[in-house]
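What follows is each chain in one-letter form.
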Amino acid sequence: MSSVVQPCARCGARWAVQGAPMHWCPRCRGVLLSPGKVDAPATQRNYRWVARRPDHRTRKAGATSTAPLGPTPRYAQTPRWGLLDPPPSATPTPERPLRGIAAHRDRLLLGTTIVFLLAGLAEYGRYLILLQNRARLIPGWLLSISDATVLVFGVIAPIYALVTAVALVAWLIEARTIVFTAYGKRDPRKRWSLIAGCLVPGVNLIWPGVFLTELLGADPDPRSWRAVRIWWAAWVFSGLLLIAATLWRDASTLQAEADGVSFTGFTNLCAAGFAMLTLWMVRTLEGRDLRGDIRSAHRWVMAADPAQVVIAPVEPGAVAARDDAGHDEAERADVVRAGENTQEEVVAK
């Protein structure tokens, strides 16, 4: 077979040159290029491949481009690029406002605990100043510091508690939506009824416990059910303390006002403890402990090993004495038998 070929400009077929070169391709009637060796490099060929636009035949001869087209693309080897088909991106889930507020629940509860703790310490600090003022004068700067701390924390604590309550209501709505959706149902409570039952004074002593009980379902976890009951009782108690502290502020005597300062400090400390109790309750419902770690399940297994007697059974005194006497006689018999054996060995020798 000849090593000189003529490639077709249309179909790319290569025809061996047997004699005189041909002009037309026998297959597609395309123009045959000039003869050349099969393995000739591109620098030794008398032709080159040129890329043209698909519409180069239909364009007008006099048409000019407004911008320079640049050099014609050329490739030293077969291009390996192609069209990319990336997988469709997942549609992002729209972020609901309540979910964003509920995400700050734990931080708000911790902040509420700290703020009410500081407010209680400020009230008790004022109470100590009142006790000292019975016998001696108090410096003006100390009174100013006490008044400022009581006023600042007395304003910040209720505002912080209100924001935390809104976050907890948002968490309750989101949690109920998730639970009822998992059961294939829809929350029977309207959103406005949940908000009103949790935030309206008076009725909010009863309805939050009801909403949390419905959240547990028909077969609740005993630990979650116990946490809800403890929280519900503490919530009613804290409401009664708030009512008592509000009524105590109307006292007219000096001693009653001083006792009111002490009682206000006590209610602030109780509020701090209740905020921490609320954090424990919501984390228990989510299957976590107070620190936020996943609560591990414990399983008690009955031991299969045989029981071993650790303490010897108690026997009556007569039986024990008789056993001891029999034991002594057996020892004396062994001694006598050992002596007889020794004498027999001596005689034998």
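This text goes with the structure placed above it.
Quick look at the structure, then. Positions within a chain are numbered from 1, following the residues in the order the chain's sequence is written. The predicted origin of the model limits local features to residues at a pLDDT of at least 70 and limits the giving and counting of side-chain atom pairs to 80 or more, whereas totals for whole chains, interfaces and linings rest on all residues. Only hydrogens and water are set aside; all other atoms, that is, all heavy atoms of the structure, feed into the side-chain values.

**A look at the packing of aromatic side chains**
Next up, step 1: Pairing of aromatic side chains here covers Phe, Tyr and the six-membered ring of Trp, requires ring centres within 6.5 Å, and sorts the geometry by plane angle: under 30 degrees stacked, over 60 edge-to-face, intermediate tilted. For the structure shown, the criterion picks out five aromatic pairs.
Next up, step 2: Ring centres of Trp207 and Phe211 lie 5.7 Å apart, and the angle between their planes is 25°; on these two criteria the pair is classed as stacked. With a gap of four residues between them, Trp207 and Phe211 both fall in helix α5 (residues 207-216), about one helical turn apart.
Next up, step 3: With a centroid separation of 5.5 Å and 25° between ring planes, the pair formed by Trp235 and Phe274 is classed as stacked. In this pair, Trp235 sits in helix α6 (residues 222-248) while Phe274 sits in helix α7 (residues 254-285), placing the two residues 39 residues apart along the sequence.
Next up, step 4: For every residue, the accessible area (1.4 Å probe, protein chains only) is compared with the maximum for its type, and the residue is labelled buried under 20%, exposed over 50%, or partly exposed between those bounds. You can call Phe274 buried: its relative accessible area is 13%. Comment: elements are numbered from the N terminus, with helices defined as DSSP H or I runs of at least four residues and strands as E runs of at least two.

**Quick notes on the packing of α5 against α6**
Geometrically, a packed helix pair is captured by the angle between its two axes and the distance between the axes.
Next up, step 1: Between the N-to-C directions of two axes lies an angle of 0 to 180 degrees, each axis being a line fitted to C-alpha atoms and, for a helix, fitted only over the stretch in contact. Their axes nearest at 10 Å, the elements α5 and α6 cross at an angle of 175°. Comparing the axis directions of α5 and α6 gives the class roughly antiparallel. Residues Pro208, Gly209, Val210, Leu212, Thr213 and Leu216 of α5 touch α6, and the partners they reach there are Ser224, Trp225, Val228, Trp231, Trp232 and Trp235.
Next up, step 2: Throughout, the ten residues Ala, Val, Leu, Ile, Met, Phe, Trp, Tyr, Cys and Pro are labelled nonpolar, Asp, Glu, Lys and Arg are labelled charged, and all others, Gly among them, are labelled polar. Broken down by class, the residue content of the contact of α5 with α6 amounts to nine nonpolar, three polar and no charged. With respect to orientation, any angle under 35 degrees is reported as roughly parallel, any angle over 145 as roughly antiparallel, any angle of 65 to 115 as roughly perpendicular, and every other angle as oblique. We call two residues contacting when some pair of their heavy atoms lies within 4.5 Å.

**What to know about α5**
Next up, step 1: Three or more residues of α5 are buried, namely Pro208, Gly209, Phe211, Leu212, Leu215 and Leu216. For α5, the arc enclosing every buried residue in end-on projection is 160°, short of the 170-degree limit, so these residues lie on one face.
Next up, step 2: Lining the buried residues of α5 we find α3 (140-182), α4 (191-199), α6 and α7.
Next up, step 3: Remark: Gly217 follows α5 within two positions and exhibits a positive phi of approximately 90°. This arc describes the spread of directions from the helix axis toward the C-beta atoms.

**With respect to the pattern of salt bridges**
Next up, step 1: Should a side-chain nitrogen of Lys or Arg be within 4 Å of a carboxyl oxygen of Asp or Glu, the pair is scored as a salt bridge. Considering all chains together, one arrives at eleven salt bridges under this definition.
Next up, step 2: Between Arg288 and Asp106 there is a salt bridge whose closest N-O contact spans 3.9 Å. Taken together, the residues Arg288 in the loop between α7 and α8 (317-348) and Asp106 in helix α2 (residues 105-132) connect sequence positions 182 residues apart.
Next up, step 3: On the accessibility criterion, Arg288 (18% relative accessible area) is buried.
Next up, step 4: On the basis of relative accessible area, Asp106 is assigned to the buried category, the value being 18%.
Next up, step 5: In this structure, the salt-bridge partner of Arg223 is Asp221, at a minimum N-O distance of 4.0 Å.
Next up, step 6: What makes Asp221 partly exposed here is its relative accessible area of 28%.
Next up, step 7: The network of salt bridges with shared partners includes Arg105, Asp106, Arg283, Glu286 and Arg288.

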